[in-house]
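Listed below, chain by chain, are the residues.
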Amino acid sequence: MIGMEYERRRIVSARELVSMSANADSARLEEFAAEKLDSRLDTAPALQECCIASICQHLLCDVKRIRVCDGPDGDGLGWRSSLDGGEMYIPGELGDRLLEKLGDAGTICDRILALFDARVTNLRHVRLRNACRLTTKGLRTLRDHKISELEATGLTVTVNDLIGCQGEWTLQNLHSLNVSHSTFVNSSKFCVVVSLHRLRNLQSLNVSYTEFNKHGLEIVAEDLPLLENLDVSCTKVNDISPLRKCRLRLRSLTMYNLQNCNYNTVISVVLELAELRHLDLSVDLDRIPLRMLEPLRFHVAGLLQHANWRHLVSLDVSGKEDVTSDNMNVFLDHHPMLRFLGLVQTNVCEDESFWNRWQESFRGSLLVTGNGNEAQIVEALKRYPNRPLYIQKSLYHLFRLTQAYAEPRVDIIKLILPGMQAHPKQLSIQMAATACLYNLSKGEMGQKIHPKWLRQIVELTMVAMENFPTHLQLQKNTLLTLCSDRILQEVSFDKYKCARLVMDCLCAFDDSSMNRMCVAICSVLAAKISTQETSQLGAKPVYMKKLLSIVKAKVEEGVVDITMKFTLSALWNLTDESPETCNVFLDEEGLYLFLDVLERFPEDSAVETKVLGLVNNIAEVKQLRASLMIEIGRASCRERV
């Protein structure tokens, strides 16, 4: 019977993945066709990545047709799909990847999670990022899975609820839990952490950016006998003395921005953690700007002097002002196994022993984060995608370096994008990132970058435009990046959205250089979007008024420059097969203006072609032909008067 049931369930094979991916939307297929192999370019996306992305799209479409019902026990959600061929079974590793991809896209919700019940796949390593839309009803889907690693960040339900939704096997065998940016506070406003004691085999725990406190620390130190890795960054822990109970087994301790801690005991406790391999004591230097709050700063000079962690391979003291070259070199001499050193926002990172390979004291086996050279900046971008201040500082120093680059640096582009994506509302990060991306993709360098990376640049650039519509310099940065023939002609992205954002920018600012870039971009994109999208864009009176005002200003100046030509091209393309746009053009007295253009520049064939092309677009609209003749007649009367 088991064998017969197994035969009825379809295993998703590589062949089926390719077949499913072949049904992806046309935009993705167009891009795939454009991404030709070229030795100068980065490699095309892996086939597995394309398949997973395609399956995710199909799941998002199919979930709308799924009939959601109560689970077998009346608890949680079940589902029935309209897919042909009966039930589909997804291998566990693929299920883990799909769930992670959906989480990264911010689409995880109860209905989506219900697709991954135990009848469909066997989840082992569950990563639910951006899980703010999940409720306990959806999380109960995980109850029948045997999960060994669980990441659920950004939850609005409590961590206690999350643990309560797990099955007995998971509770007994879970060895890694990450609930960063989630909450321990229940509806009664109490911080409840007691449920953590049920995870007896837990080895790694990340409770950063939560309300986790000293009481919670006491629980995990006492009740989790196998705990080796702990991250309490940005929590409410004010005393780490409970860690003495696990001093002989704790291997990794991260305390980034632990501002409320009682530092009278920190040094003595940390020095007792004899098995440490990784220690992070970093802080945002700008968080305590006032010298009157100096007692709240955690000084590490004494720690560096007395420490003797024989197994330590990683130390982060970024933001610690009392770190000097002398005390750091003494520390390094006593810790020869150290392979990573965090020195962001310190002056020590500029010491030649940390960046100058020709220096006799250069420590070549040590990875360092800081701003001493490119290698330090790159390492900082790799390690701190979730630390806004460190990203901002790193991008600031990187910008100065990118101004001198002559060859494409896709490796650096790959590091800028995650930080930019993780902090879309941080103006300082978006400013620095857009400036760096322009330097890295402009001119000839852009010709040598694979369309895959150019598309990601454009997508995040548009997010920045949308989030900061009134910031002139940021908008100028984005326009500089978008104003590229390679990007506009060869890269697949949402061209209508881009054109709309650019037109909004054109209307928001009165800057000649921005006007030139805006109309140049729109003149190209208007010819690449659908007729319906052209009508939606061109039929907005505010857009039409702005474009006609630019033409009018050039007529009054008696100048036909590149801005004038691009504006005429944009109007020509926007009115093509768009009766709505043509009608708005007439309503805004565009025809009178275009007759003035013909009179003002009678010898310019390029101008004449664009003007008459637009008039022809109007003439193609049957219901507007009579209006066109009347308008021309009125114009003739006006000339005689």
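All values derive from a computational prediction rather than experimental measurement.

A word on the overall build of the protein chain. Along the backbone of the protein chain there are 30 helices and 14 strands. Pairs at least 24 residues apart make up 69% of the contacts formed inside the protein chain by residues separated by at least 6 positions. Carbon and sulfur atoms make up 51% of the accessible area of the protein chain, which amounts to about 30000 Å² in all.

We now examine the sheet that holds strand S14 (residues 367-369). Sheet architecture is open: 10 strands sit in the order S5-S6-S7-S8-S9-S10-S11-S12-S13-S14, paired in parallel fashion. Where the open sheet ends on each side, the last strands, each with one partner, are strand S5 (125-128) and S14. Sheet twist, expressed as the mean angle between neighbouring strand axes with direction ignored, is 5 degrees. Here 3 bridges tie strand S11 (residues 278-280) to strand S12 (residues 314-316), and the two strands are oriented parallel to one another. The residue of S12 that forms the bridge with aspartate 280 is aspartate 316.

Time to look at the environment of glutamate 275. If you trace the backbone, glutamate 275 turns up in the loop between helix H11 (263-272) and S11. The spacing of glutamate 275 and tryptophan 309 is 34 residues in sequence and 7.0 Å in space, taken between C-alpha atoms. With sequence-adjacent residues up to four places away left out, glutamate 275 is seen in contact with Arg247, Leu248, Arg249, Leu250, Arg251, Arg310 and His311.

Another aspect to go through is the packing of aromatic side chains. Enumeration over the complete set of coordinates arrives at 5 aromatic pairs. Taking 5.8 Å as the distance between ring centres and 65 degrees as the angle between the ring planes, the aromatic pair formed by tyrosine 256 and tyrosine 390 counts as edge-to-face. With a gap of 134 residues between them, tyrosine 256 in the loop between strand S10 (252-254) and H11 and tyrosine 390 in helix H15 (residues 388-402) connect regions that are remote in the sequence. A centroid spacing of 4.9 Å and a plane angle of 75 degrees characterise the contact between tyrosine 384 and tyrosine 390, whose relative ring orientation is edge-to-face. When sorted by exposure, tyrosine 384 lands in the same class as tyrosine 390, which is buried. Here a set of aromatic residues connected by ring pairs shows up, and it is made of Tyr256, Tyr384 and Tyr390. In this structure, arginine 387 packs its charged tip against the face of tyrosine 256, placed 3.9 Å from the ring centre. Sitting over the ring of phenylalanine 493, lysine 495 keeps its end group 4.5 Å from the ring centre.

What follows concerns the packing of helix H28 (residues 590-600) against helix H29 (residues 605-619). Where H28 contacts H29, the axes come no closer than 10 Å and their chain directions differ by 155 degrees. One way to sum up the angle between H28 and H29 is to call them roughly antiparallel. Crossing angle aside, the handedness with which H28 passes H29 is left-handed. Counted together, Leu591, Phe594, Val597 and Leu598 of H28 and Val607, Glu608, Val611, Leu612, Leu614 and Val615 of H29 form the full contact between these two elements. Class assignment of the residues belonging to the contact of H28 with H29 gives a composition of 9 nonpolar, no polar and 1 charged.

Let us look at the nonpolar core. Residues Leu128, Ile240 and Met328 are the most contacted members of the largest nonpolar core, which totals 88 residues. Apart from the residues within four sequence positions on either side, methionine 328 is in contact with Leu304, Val317, Val323, Leu341, Leu343, Val348 and Phe354. In terms of nonpolar packing, the next biggest core, distinct from the first, is built from 84 residues, Ile377, Ile449, Ile457 and Leu501 among them.

All right, on to the state of the cysteines then. Under the counting rule described, the total for this entry stands at 0 disulfides. In this structure cysteine 51 is not part of a disulfide, and its nearest cysteine sulfur, from cysteine 50, lies 6.8 Å away. Cysteine 522 supplies the cysteine sulfur nearest to cysteine 498, a cysteine that is in no disulfide, at a spacing of 7.9 Å. The exposure class of cysteine 498 is buried, given its relative accessible area of 0%.

Positive phi outside glycine occurs at tyrosine 209, with the angle close to 60 degrees. Of note, tyrosine 209 is situated in the loop between strand S8 (204-206) and helix H10 (214-223).

What follows deals with the pairing of S5. Only one face of S5 is covered, namely the face carrying Val126 and Leu128; the face carrying His125 and Arg127 is uncovered. In this structure, S5 lies alongside strand S6 (residues 149-152), joined through 4 bridges in parallel fashion. Looking at the pairing, valine 126 lines up with leucine 150 of S6.

We now examine helix H23 (residues 512-525). The end-to-end C-alpha distance of H23, which contains 14 residues, comes to 20 Å, matching closely the 20 Å that a straight helix rising 1.5 Å per residue would cover. Counting buried residues along H23, 12 of its 14 residues qualify, which places the element largely inside the surrounding structure. Ser513, Met514, Asn515, Met517, Cys518, Val519, Ala520, Ile521, Cys522, Ser523, Val524 and Leu525 are the residues of H23 that are buried. Against helix H20 (472-482), helix H21 (485-490), helix H22 (495-508), helix H25 (541-557) and helix H26 (562-575) lie the buried residues of H23.

A few words on the pairing of S6. The sheet contact formed by S6 and strand S7 (residues 176-178) spans 3 bridges and is parallel. When the bridges of S7 are listed, leucine 150 appears paired with leucine 177.

This next bit is on the pattern of salt bridges. Considering all chains together, one arrives at 22 salt bridges under this definition. Taking the shortest distance from any N to any O, the salt bridge between arginine 409 and glutamate 374 comes out at 2.8 Å. In this pair, arginine 409 sits in the loop between H15 and helix H16 (410-422) while glutamate 374 sits in helix H14 (residues 374-383), placing the two residues 35 residues apart along the sequence. The class for glutamate 374 is partly exposed, based on a relative accessible area of 26%. Measuring nitrogen to oxygen at the nearest pair gives 3.6 Å for the salt bridge that ties lysine 448 to glutamate 407. A residue pair is termed long-range when its members are at least 10 positions apart, and lysine 448 in the loop between helix H18 (443-447) and helix H19 (451-467) and glutamate 407 in the loop between H15 and H16 qualify at 41 residues. Residue glutamate 407 is classed as partly exposed on the basis of its relative accessible area, which comes to 47%.

Considering the arrangement of structural elements, one finds lysine 476 in helix H20. A residue is classified by how much of its surface remains accessible, and lysine 476, at 19% relative accessible area, is buried. In contact with lysine 476, not counting residues within four places along its chain, are Asp511, Ser513, Met514 and Met517.

The next thing to look at is the confidence of the model for the protein chain. Should pLDDT be low for a region, the predicted coordinates there are not to be read in detail. Taken as a whole, the protein chain shows an average pLDDT of 85; of its residues, 84% reach a score of 70 or greater. By mean pLDDT, the top-scoring element of the protein chain is strand S9 (residues 229-231) (98), and the lowest-scoring one is helix H1 (residues 2-8) (34). The low-confidence segment residues 290-296, where pLDDT is below 50, has 6 contacts with residues more than four positions distant or belonging to other chains.

Turning next to helix H27 (residues 579-587). Residues of H27 that are buried: Thr581, Cys582, Val584, Phe585 and Leu586. Following H27 by one or two positions, glutamate 589 adopts a phi angle in the positive range, close to 60 degrees.

Parameters at a glance
- Residues numbered from 1 in each chain as written.
- Predicted model: local features only at pLDDT ≥ 70, side-chain atom pairs only at ≥ 80, totals over all residues.
- Heavy atoms only, no water.
- Helix = DSSP H or I, 4+ residues; strand = E, 2+ residues; numbered from the N terminus.
- Contact = heavy atoms within 4.5 Å.
- Areas by Shrake-Rupley, 256 points an atom, 1.4 Å probe, with all protein chains shown as cover.
- Pairing = 2+ DSSP bridges.
- Axes fitted to C-alpha atoms, helices over the stretch in contact; angles between N-to-C directions.
- Phe/Tyr/Trp six-rings, centres within 6.5 Å; stacked < 30°, edge-to-face > 60°.
- Buried < 20%, exposed > 50% of the residue type's maximum accessible area, 1.4 Å probe, protein only.
- Lys NZ or Arg CZ within 6 Å of the ring centre and 35° of its normal.
- Parallel < 35°, antiparallel > 145°, perpendicular 65-115°, else oblique.
- Left-handed = near helix turned anticlockwise from the far one by under 90°.
- Nonpolar A, V, L, I, M, F, W, Y, C, P; charged D, E, K, R; others polar.
- Core = buried A, V, L, I, M, F, W, Y, C linked by side-chain atoms within 4.5 Å.
- Disulfide = S-S within 2.5 Å.
- Expected span 1.5 Å × (residues − 1).
- Salt bridge = Lys/Arg side-chain N within 4 Å of Asp/Glu carboxyl O.
- pLDDT = per-residue confidence, 0-100.

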